[in-house]
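# Structural overview
What follows is each chain in one-letter form.
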Amino acid sequence: MSAWTKERLHEIATTDDLHIAPFREDGTTTGTPTWIWSVVADGDLYVRAYNGTSSRWYQAAAKQKAGQITAAGTTNDVSFEKVQGEINDQIDAAYRLKYASSPYLNPMIGDRARVATIRILPRP
């Protein structure tokens, strides 16, 4: 897997405009882009589904494991990996820092969203 450049990761981390579009069943056509919160933790890019694992974009990302994101004015081909374990504490902290003033913060660091955490990696 590739890694994000520090510059690109910084661009994404400092904006609030990430749209995620996992592939559809055919594996080549992307779904409708969905605006979603994103954070950087431990040098990687993460997103969570507000509605948990029942979220349609989450289900597509978990199944297809690839798609595209658009953020900070650029579209990237990406792969998706489900996330579990201790890294979720760092992801929670990143959400608290970036979205501290939002009334939606608590659900995004709650159990329902936490189990629907995805790491996003660039594809070459």
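Notes on the structure follow. (Residues numbered from 1 in each chain as written. Predicted model: local features only at pLDDT ≥ 70, side-chain atom pairs only at ≥ 80, totals over all residues. Heavy atoms only, no water.)

Okay, the pairing of strand β4 (residues 44-48) next. Within β4, 5 of the 5 residues are buried, which leaves the element mostly enclosed by the surrounding structure. Residue alternation in β4 divides its side chains into two sets, D44, Y46 and R48 and L45 and V47, and both sets are buried. Pairing of strand β3 (residues 38-41) with β4, which is carried by 4 bridges, proceeds in the antiparallel orientation. What sits directly across from V39, in β4, is Y46. In sequence, β3 turns back onto β4 through a hairpin of 2 residues, with D42 there showing a positive phi of about 55°. Pairing of β4 with strand β7 (residues 117-122), which is carried by 4 bridges, proceeds in the antiparallel orientation. Across the sheet, the residue bridging to V47 is I118, located in β7. (Buried < 20%, exposed > 50% of the residue type's maximum accessible area, 1.4 Å probe, protein only. Helix = DSSP H or I, 4+ residues; strand = E, 2+ residues; numbered from the N terminus. Pairing = 2+ DSSP bridges.)

This part takes up the layout of surface pockets. Taken as a whole, the largest pocket spans an internal volume of roughly 350 Å³. Together, 14 residues line the largest pocket, and R24, G31, R56, W57 and A60 are the ones closest to its centre. Tallying contributions element by element places helix α2 (residues 56-64) first for the lining of the largest pocket, with 6 residues. Residues that form the lining of the largest pocket fall into these classes: 5 nonpolar, 5 polar and 4 charged. (1 Å grid on protein atoms, 1.4 Å probe; cavity = no way out; pocket = protein on both sides within 12 Å on 5 of 7 lines; lining within 4 Å. Points joined across faces, edges and corners; volume = space filled by probe spheres on them. Nonpolar A, V, L, I, M, F, W, Y, C, P; charged D, E, K, R; others polar.)

Attention shifts here to helix α1 (residues 6-13). Those residues of α1 not exposed but buried are R8, L9 and I12. Buried residues of α1 fall within an arc of 100° about the axis and therefore sit on the same side. Facing away from the buried side of α1 by over 90 degrees, the exposed positions are K6, E7 and H10. Turning to α1, the residues buried within the fold contact β3, β4, β5 (66-71), β6 (74-82) and α3 (87-98). (Arc of directions from axis to C-beta. Contact = heavy atoms within 4.5 Å.)

So, on to the packing of aromatic side chains. Going through the model one piece at a time under the given rule, you end up with 5 aromatic pairs. Ring geometry for W37 versus Y95: centroids 6.2 Å apart, planes at 35°, classification tilted. Remark: Y95 occurs in helix α3 and W37 occurs in the loop between β2 (34-35) and β3; sequence separation between them is 58 residues. Given a relative accessible area of 0%, Y95 falls into the buried group. Among the aromatic residues, ring-to-ring pairing joins W37, Y95 and Y99 into one connected group. Between the NZ or CZ atom of R112 and the centre of the ring of Y50, over which it lies, the distance is 5.3 Å. (Phe/Tyr/Trp six-rings, centres within 6.5 Å; stacked < 30°, edge-to-face > 60°. Lys NZ or Arg CZ within 6 Å of the ring centre and 35° of its normal.)

Let us look at the sheet that holds β7. Taking strand neighbours across the sheet as the criterion, the 7 strands line up as β2-β1-β5-β6-β7-β4-β3 in an open arrangement whose pairing is antiparallel. The sheet terminates laterally at β2 and β3, the two strands that pair on one side only. In this sheet, β2 lies alongside strand β1 (residues 19-22) in antiparallel orientation, the contact comprising 2 bridges. Looking across to β2, one finds that I20 is bridged to T34.

Bringing the environment of A113 into the picture now. By secondary structure assignment, the location of A113 is in helix α5 (residues 111-114). Between the C-alpha atom of A113 and that of A49, which follows or precedes it by 64 residues, the distance is 5.4 Å. Apart from residues no more than four positions distant in its own chain, A113 is found in contact with R48, A49, Y50, P107 and M108.

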